[in-house]
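Residue-level structure breakdown
Chain residues, written in single-letter form:
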Amino acid sequence: MPGVIYYHAEEGDDMQVSTKFTVAVHILTYVAYVKDSSKNTSEAIASSVGTNPVIIRNSMSALKRAGLIDVKRGPGGIVLKHPLSEITLLDVYRAVETKADDTLFRFHEHPNPECPVGKHIHDGLDDVLNSIQNHFEADLASHTLEEIYQNSTLPKTVSN
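Residues numbered from 1 in each chain as written. Predicted model: local features only at pLDDT ≥ 70, side-chain atom pairs only at ≥ 80, totals over all residues. Heavy atoms only, no water.

Some words on the pattern of salt bridges
The cut-off we apply is this: Any Lys or Arg side-chain nitrogen located within 4 Å of an Asp or Glu carboxyl oxygen qualifies as a salt bridge. Secondary structure elements are taken from DSSP: a helix is a run of H or I of four residues or more, a strand is a run of E of two residues or more, and numbering for both begins at the N terminus. Per-residue accessibility, obtained with a 1.4 Å probe over protein chains only, is compared with the maximum for each type, and a residue is labelled buried under 20%, exposed over 50%, and partly exposed between these values.
Scanning the model with the defined rule gives 2 salt bridges in all. Between R57 and E43 there is a salt bridge, and its shortest N-O distance comes to 3.3 Å. With a gap of 14 residues between them, R57 in helix α3 (residues 53-65) and E43 in helix α2 (residues 42-49) connect regions that are remote in the sequence. Classification of R57 by relative accessible area gives partly exposed; the value is 35%. Of the charged contacts in the structure, one is a salt bridge between R94 and E137, with a shortest N-O distance of 3.2 Å. Remark: E137 occurs in helix α5 (residues 116-141) and R94 occurs in helix α4 (residues 89-96); sequence separation between them is 43 residues.

Printed below as a string of structure tokens:
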């Protein structure tokens, strides 16, 4: 399915995460790479990501609300508010994919209370889904953007 990445909690258990997450990681990595160069604009980032600048600006708004970047008008450009070593993938995920009270799994709202399965489905499923979410978040929290940056094959200097 286009626009979706998957997390494999256990063999065969796939959870979808939209491309907003990977686009946000791309944005933050790009900002760290270009630093103060003239290429630090939403248009330049959009060119790197291969998308429309409006999508980049929307992602940047979410990253700014989360306190990960600051956006300065004019030549100031985009700046990281924390070193890459202090920004986890969980920080990025929470900034662009979820609201504070969201969970990965949304339960269907009206299981039939007259049906034995509908009446008790939460008993068997809630703990399992909470465990999967906790493992997923722990995995994301164990990786920083510094790791992504260092593991990439970026050239060592930016050409303006």
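Still more to cover.
Focus: the packing of aromatic side chains
Going by this rule: Ring pairs are drawn from Phe, Tyr and Trp, using the six-membered ring of Trp, whenever the two centres fall within 6.5 Å, and their geometry is named by plane angle: stacked under 30 degrees, edge-to-face over 60, tilted for the rest.
Enumeration according to the criterion identifies 2 aromatic pairs in this entry. Aromatic pair F21 and Y93: ring centres 6.1 Å apart, planes at 70°, arrangement edge-to-face. Here Y93 lies in helix α4 and F21 lies in helix α1 (residues 19-34), a separation of 72 residues in the sequence. In terms of burial, F21 and Y93 fall into one category: buried. Between Y93 and F136, the aromatic rings sit 5.3 Å apart at their centres with planes inclined by 85°, giving edge-to-face as the arrangement. Taken together, the residues span a long stretch of sequence, with Y93 in helix α4 and F136 in helix α5 at a distance of 43 residues.

As for α3
As a reminder of what qualifies: Each residue after the first adds 1.5 Å to the expected span of a helix. Each direction from the helix axis to a C-beta atom contributes to the arc, which is the arc of those directions.
Between its first and last C-alpha, α3 extends 18 Å over 13 residues, near the 18 Å set by a 1.5 Å rise per residue. Considered for burial, the residues of α3 that qualify are I56, S59, M60, A62 and L63. Axial view of α3: buried residues confined to an arc of 160°, hence all on one face. Seen from the buried face of α3, the exposed residues on the opposite side, beyond 90 degrees, are N58 and R65.

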